[in-house]
Amino acid sequence: MRSLVAVAETESFASAADHMRTSASSVSRHVASLEKHLGVRLVNRTARSVTLTEYGLQYSGFAQRIIHEIEEEERSLAGLTTSITGSLSVVCPKWLGALELGDAIAAFSVRYPEIELRLELGGVQDRSYAFLDEGYDVSFHTRPLRDSQMRLRRIGTLPFVLCASPSYLDERGRPEEVAALAEHDCLAHEHESSWRLELDGHQQVRKILRRTFTTNSYLALMKATERGRGVALLPLRPAGDSMKTGDLEALFSGAHVQERSLCAVHGPSQRVPKKVEALLDFVTQWFNDHPMPVPEPLAHGLT
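Residues numbered from 1 in each chain as written. Predicted model: local features only at pLDDT ≥ 70, side-chain atom pairs only at ≥ 80, totals over all residues. Heavy atoms only, no water.

What to know about the nonpolar core
Core analysis: the largest hydrophobic core is formed by 56 residues, its most contacted members being Leu-101, Phe-140, Leu-162, Leu-181, Trp-195, Val-283 and Phe-287. Leave out the neighbours within four places in its chain, and Val-283 touches Leu-101, Ala-104, Ile-105, Phe-140 and Ile-155. Counting residues in each nonpolar core, the second largest holds 14 residues, with Ala-16, Val-31, Leu-34 and Val-43 among its members. (Core = buried A, V, L, I, M, F, W, Y, C linked by side-chain atoms within 4.5 Å. Buried < 20%, exposed > 50% of the residue type's maximum accessible area, 1.4 Å probe, protein only. Contact = heavy atoms within 4.5 Å.)

Focus: helix α2 (residues 13–20)
Along an α-helix, residues three or four apart share an orientation, since each turn contains 3.6 residues. When α2 is considered as a whole, its buried residues turn out to be Phe-13, Ala-16 and Ala-17. Around the axis of α2, the buried residues are gathered within 100° of arc, so they sit on the same side. Exposed residues on α2 whose side chains face more than 90 degrees from its buried face are Asp-18 and His-19. In the core, the buried residues of α2 are packed alongside α1 (2–10), α3 (24–38), β1 (43–45) and β2 (50–52). Here α2 starts with a cap whose side-chain oxygen sits 3.3 Å from the backbone nitrogen of Ala-14, and that cap is Ser-12. (Helix = DSSP H or I, 4+ residues; strand = E, 2+ residues; numbered from the N terminus. Arc of directions from axis to C-beta. Polar contact = N/O pair within 3.5 Å; in protein donor to acceptor, adjacent residues only side chain to side chain.)

Here we look at the pattern of salt bridges
For the structure shown, the criterion picks out 12 salt bridges. Residues Asp-281 and Arg-153 are paired through a salt bridge, measuring 2.7 Å at the closest nitrogen-oxygen approach. Here Arg-153 lies in strand β6 (residues 151–164) and Asp-281 lies in helix α11 (residues 274–289), a separation of 128 residues in the sequence. Using a relative accessible area of 38% as the deciding quantity, one classes Asp-281 as partly exposed. Residue Lys-274 pairs with Glu-277 through a salt bridge whose shortest N-O separation is 3.4 Å. Here Glu-277 and Lys-274 lie together in helix α11, a separation of 3 residues that amounts to about one turn. Residue classification places Lys-274 among the partly exposed residues on the basis of a relative accessible area of 35%. Take Glu-277: its relative accessible area is 31%, and that puts it in the partly exposed class. Connected through shared salt-bridge partners, Arg-172, Asp-185, Arg-210 and Arg-229 make up one network. (Salt bridge = Lys/Arg side-chain N within 4 Å of Asp/Glu carboxyl O.)

So, in structure tokens, the structure goes:
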């Protein structure tokens, strides 16, 4: 189509070839292929001139309109990848969205009001690419990525701490070593089968033996822990507030802490859209600017 339009404008295969930065034979082949496809002659070729037939005049006008529309659409798509505008859909687990990640994304929306932002809490599936099938641009989570085709970016670190209510510990006793957890009632997130705990730079993996409460919500897990149901591994940010009020107490003086990476996953595109890049840059910086304050009792335990 481009070759035919160039021939129509220049009335010469050689001039059309110069315009398209190719050879005259290539232009001639393109036009001949188009004539074969349409079943009509588009160009009259003589030794002295090149003119369009009636069909050629009609089809070259049509081709010119099509090419113009294609170029307009390509410019529009290029604008979506190079400008921080348009719609942006994000999905993350409920507990992440209800805590600091929700604060960070809300701040991003204020910083970039020209982006139409959609934030969905919950619905994050085990399949790493499921969020793309459901129309989301970015998925946040704290679990390992199993699909190497997806693009992953580490945003920050989320500390977790073993906690229980003072009333529970007064009744059942305060464990002095990790092995003693086998004698305690354990509250766990549904995705947890064991706890990875770190002490003095060494990691220990403790299988959850006496699971007495299971939920898919860390907020519900914290409420059950505050009410004395047992021991739980909780995100430090909400648990830290309950430690300050005395509703929760860190086990082992807060010496056993687990850190999980907060990661953002997006599709395997060669060119990351600017709006996605802006979101990831902003959220990463937000976590750097808002470190998790360690409650005083826990800070003493960590020193």
